[in-house]
Amino acid sequence: MSVIHRTTLTPTKLELLTAWLPAQPWYLGGADAKPDLAKAGGFRLDDPTGAVGIEFMLATDVSGAEPVTYQVPLTYRGAPLEGAGDEALIGTTQHGVLGERWVYDGAHDPVLVAQLVAAMAGAALPQEQSISNTPDPTVEGHFTGTEHPVATGVASVADDEDGTDVRVQTANTTGPGLTLHINRVVRPGQSATPQDLGRVTGNLPLPDGTKVRAVFAVVRETGSGPAA
């Protein structure tokens, strides 16, 4: 289960994201912008082996004319992720308890991808972002397919202005391929489509303090059309 350490991170997660966000194709502020970020919520998933920290962070950028909330799935590792390219690494940070941690864009991390697909199928329970060993009932997984997939790896990752598509390797090699779509800009009104086999939904905080339901990620058969 998730264990949250009350300690320091140097640099902080938001400081890492401030430097990393402007280079992403889905960032709306432009490559020369400097985000002004505030934590806006999120949730965690557990790595069954206990080796990798998994967090889905919502961060609101207030540097522009209107606030924009981004979703960044993060993984925290005690050593570099084998086989990951430079584009997967957000940065490194010094954890007050665990020492040096490698912080990855979780779309590239097979552990996060496997657990996100499992959450859609009801096989992984979303956890509170900042409380140890506590399920988060506001984050819900849904799956409408006839066979629950088991993700085993990441075949490819593609970013564009709409978010991130992850081609997922699964244990069922004879069935159709799966694509996981992660909504990077999270807005009210986003929804799944009839082509989607599964989704994860949760609360999106609005600037006025209210919350609305939002779709964080969906999974579909590869080639079946836009996910969200």
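The structure displayed is predicted, hence computed values, not measured ones.

Student: Hey, could you go over unusual backbone geometry for me, with residue numbers and the actual values?
Tutor: A cis geometry characterises the amide bond from Thr 10 onward to Pro 11, with omega recorded as -5°. Counting through the fold element by element, Pro 11 comes out in the loop between strand S1 (9-10) and helix H1 (13-20). A positive phi angle is found at Asn 133, which is not glycine, with a value near 55°. Positionally, Asn 133 belongs in the loop between helix H2 (110-120) and strand S7 (140-143). Exposure remark for Asn 133: the relative accessible area of 43% places this residue in the partly exposed category.

Student: Quick rundown of the nonpolar core? Include the residues and the values.
Tutor: Counting residues in each nonpolar core, the largest one holds 33 residues, and the members touching the most others are Leu 116, Leu 180 and Val 200. Elements with a minimum of two residues in this core: strand S2 (37-45), strand S3 (53-61), H2, strand S9 (163-170), strand S10 (178-182), strand S11 (196-205) and strand S12 (211-221). At eight residues, H2 tops the list of elements feeding residues into this core. Discounting chain neighbours no more than four positions away, the residues touching Leu 116 are Leu 45, Phe 56, Leu 180, Val 200 and Ala 217.

Student: I'd like a rundown of the environment of Thr 201, residues and numbers included.
Tutor: Of note, Thr 201 is situated in strand S11. The class of Thr 201 is buried, set by a relative accessible area of 10%. Distance in space between the C-alpha atoms of Thr 201 and Val 218 is 9.0 Å, their sequence separation being 17 residues. In this view, Thr 201 contacts Thr 138, Val 139, Glu 140, His 142, Arg 213, Ala 214, Val 215 and Phe 216; residues no more than four positions away in its chain are not counted.

Student: Talk me through the side chain of Thr 18; I want residue IDs and the actual numbers.
Tutor: Note that Thr 18 resides in helix H1. A distance of 2.8 Å separates a polar atom in the side chain of Thr 18 from the backbone oxygen of Leu 14. When neighbours within four sequence positions are excluded, Thr 18 is seen to be in contact with Lys 34, Pro 35 and Leu 37.

Student: Let's hear about H2: which residues, and what values?
Tutor: Counting buried residues along H2, nine of its eleven residues qualify, which places the element largely inside the surrounding structure. Taken as a whole, H2 has its buried residues at Leu 112, Val 113, Ala 114, Gln 115, Leu 116, Val 117, Ala 118, Ala 119 and Met 120. Backbone geometry just downstream of H2 places Gly 122 in the positive-phi region, at approximately 80°.

Student: Tell me about the pairing of S11, and name the residues and values.
Tutor: Most of S11 sits out of view: seven of its ten residues are buried. Sheet topology places S7 next to S11; four bridges connect them, and they run antiparallel. Counterpart to Phe 143 in the pairing with S11 is Gly 198. Taken together, the nine bridges between S11 and S12 define a ladder with antiparallel strand orientation. Within the sheet, the bridge partner assigned to Val 200 lies in S12 and is Ala 217. The antiparallel pairing of S11 with S12 creates a hairpin that spans five residues between the two strands, and Gly 209 there sits at a positive phi of about 95°.

Student: Got a sec to walk through the sheet that holds S7? Specific residues and values, please.
Tutor: Taken in spatial order, the six strands line up as S7-S11-S12-S10-S9-S8 in an open sheet, and their pairing is antiparallel. The sheet is open, and its two borders are formed by S7 and strand S8 (151-160), each paired with just one other strand. Across this sheet, the average inter-strand angle for adjacent strands is 25°, counted without regard to direction. With five bridges connecting them, S10 and S12 associate as antiparallel partners. Within the sheet, the bridge partner assigned to Thr 179 lies in S12 and is Arg 220. Against the sheet, H2 engages S7, S8, S9, S10, S11 and S12, with an angle of about 100° to S8.

Rules used throughout
- Residues numbered from 1 in each chain as written.
- Predicted model: local features only at pLDDT ≥ 70, side-chain atom pairs only at ≥ 80, totals over all residues.
- Heavy atoms only, no water.
- Helix = DSSP H or I, 4+ residues; strand = E, 2+ residues; numbered from the N terminus.
- Buried < 20%, exposed > 50% of the residue type's maximum accessible area, 1.4 Å probe, protein only.
- Core = buried A, V, L, I, M, F, W, Y, C linked by side-chain atoms within 4.5 Å.
- Contact = heavy atoms within 4.5 Å.
- Polar contact = N/O pair within 3.5 Å; in protein donor to acceptor, adjacent residues only side chain to side chain.
- Pairing = 2+ DSSP bridges.
- Axes fitted to C-alpha atoms, helices over the stretch in contact; angles between N-to-C directions.

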